[in-house]
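Structure at a glance
Here's the letter readout for the chains.
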Amino acid sequence: MMGLFKWMRENLKLIMIAVVIVFVITCGVMYGVGGGKGADGKGPNDAVAKVNGKKVARADVERIALRIAEQQSAGMPGVKASEDDIYLFRKQAVESMGLERELKKEIKARGVKVDRKELKEQVNAIIAQFPTKEEFESYLSRADKSMADFKDEVRFQMEQQKLVDKITSEIKVTDEDLKKFYEDGKDSIFKRPAGSNLLIAVFGNKAAAELAKKALESGAKWDGIMKEQKAENSSKEEKPDFIPAAQLSTEPFTAVKTLEAGKVSNVIQMPGAEKYFLFLKKSDEAEKILSFDEAKDDAVKMIQNQRGRMEVLRLVRKLRKNVEVEIIEDSFFIPQKTEAKPEESAPAKQ
């Protein structure tokens, strides 16, 4: 289970669909799109390019190009793509389709799998982020996806993350690596600010959260109560989450800022959602530099993640070399220059 503090940061914004896209824009490509001819006489199923010898349809490329355009403009509100940008996005779409195919081969070759239970849990978790079932169905309709398409997309995203995790976990870190990393980051990375150690639980039901609070105040054990009241996510008793003091001034942590060590907070609702928090403060901590032993586990993960990113980039470059794109319809990918109209001759002077 991921650290609960990280889980909370990712969910506080109630993003509509919380999934990881690692290498390529997940296309959710759906073949056999129907429809008539366009104004230029071209149909949505007409091939515009070949990727490693396999034809790709105009409609599929347009769909992925649109997603690329949306991603590009996500951090630049008010900025619209130019006509030339659209042609560029189409090229990138075809390349991403080829890379996706190569990536799926790599995932299979490395034995990366997502079982039915994992997939079901992830799909249900994503659907739960929508206010209602109808909102989720509306999302599928707007995206022109079936439920099967959606599950395939989620599965592929999970496979990508598992592949990255596999690559990262296989990186060996020596004692010398660790000592150097620790010494270099002792006064920055491993300098922990003042803060509090908290046990945190998230419930989808307010009544269950209230019952957990009463039980804890009566002396019940944290882990047992979290299981009994079916908390959606919770810290483990032996591993509380450290929250920096600065974070304690933001929601939903304000309720525990003045809480005494050993005390349980009131039940707090996540703004705009049916999610309820419960906190138990274990201790308050002053600013300090973590010892090597305290920092060792985190240092291993940091080094692995750092080197893992480089390994992933190398893999992507390798896979890209296997992608061969053949353009069938030039006008779909290259802006066509229009002939400039000749200026009318000026009348001769009398």
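Anyway, here's the lowdown on the structure attached to this text. (Residues numbered from 1 in each chain as written. Predicted model: local features only at pLDDT ≥ 70, side-chain atom pairs only at ≥ 80, totals over all residues. Heavy atoms only, no water.)

Things to note about the overall build of the protein
So the rule is basically this: Counting from the N terminus, the helices are the DSSP runs of H or I reaching at least four residues and the strands are the DSSP runs of E reaching at least two. Remark: exposure states derive from per-residue accessible area (1.4 Å probe, protein chains only) relative to the maximum for the residue type, with buried under 20%, exposed over 50%, and partly exposed in between. The contact definition used throughout considers only heavy atoms, calling two residues in contact when any of these lie within 4.5 Å. A 1.4 Å probe and the Shrake-Rupley method give the accessible areas. Residues count as covered only by the protein chains that appear here.
In terms of helices and strands, the protein carries eleven helices and ten strands. Split into buried and exposed, the 350 residues of the protein put 38% on the buried side. If you take every contact in the protein between residues at least 6 apart in sequence, the share linking residues at least 24 apart comes to 76%. Taken as a whole, the protein presents about 21,600 Å² of accessible surface, with 50% of it coming from carbon and sulfur.

A short note on the environment of E159
Along the chain, E159 turns up in helix α6 (residues 147-169). Counting along the chain gives 45 residues from E159 to V114, while the straight-line C-alpha distance between them is 6.4 Å. Every residue in contact with E159, bar those within four places of it in the chain, is listed here: I107, V112 and V114.

Concerning the packing of helix α4 (residues 116-127) against α6
Which entries qualify depends on this criterion: Axis lines are fitted to C-alpha atoms, over the contacting stretch for helices. Their N-to-C directions set the angle, which ranges from 0 to 180 degrees. In this scheme, roughly parallel covers angles under 35 degrees and roughly antiparallel covers those over 145, while 65 to 115 is roughly perpendicular and the rest are oblique. The hand of a helix crossing depends on one turn: near helix anticlockwise from the far one by less than a right angle means left-handed, and clockwise means right-handed. Ten residue types, Ala, Val, Leu, Ile, Met, Phe, Trp, Tyr, Cys and Pro, are classed as nonpolar, four, Asp, Glu, Lys and Arg, as charged, and the remainder, Gly among them, as polar.
Closest axis-to-axis distance for the α4/α6 pair is 10 Å, and the angle between their directions is 110°. Viewed along their axes, α4 and α6 adopt a mutual orientation that is roughly perpendicular. The hand of the α4/α6 crossing is right-handed. Contacts from E118, L119, Q122, V123, I126 and I127 in α4 reach M147, F150, K151, V154, R155, M158 and K162 in α6. Taken together, the residues of the contact of α4 with α6 sort by class into eight nonpolar, one polar and four charged.

Some words on the pattern of salt bridges
Heads up, the condition is: The working definition used for a salt bridge is a side-chain nitrogen of Lys or Arg within 4 Å of a carboxyl oxygen of Asp or Glu.
The final tally for this structure, using the stated rule, is 20 salt bridges. Its salt-bridge partner being K213, residue E217 comes within 2.7 Å of it at the nearest N-O pair. In this pair, E217 and K213 are both assigned in helix α8 (residues 206-217), four residues apart and thus about one turn of the helix distant. For K213, a relative accessible area of 11% puts it in the buried group.

Some thoughts on the nonpolar core
Operational definition: Residues grouped as a nonpolar core are buried Ala, Val, Leu, Ile, Met, Phe, Trp, Tyr and Cys residues, joined through side-chain atoms within 4.5 Å.
Counting residues in each nonpolar core, the largest one holds 17 residues, and the members touching the most others are A201, F203, A212, L216, W222, M226 and L278. Among the elements that take part in this core, α8 stands out by supplying five residues, more than any other. Those residues within four positions of A212 in sequence are excluded, and the remaining contacts are F203, I225, M226, Q229 and L278. Formed by 16 residues, the second largest nonpolar core is a distinct cluster that contains V56, A69, V94 and M97.

Limitation: the analysis is restricted to geometry and does not speak to function.
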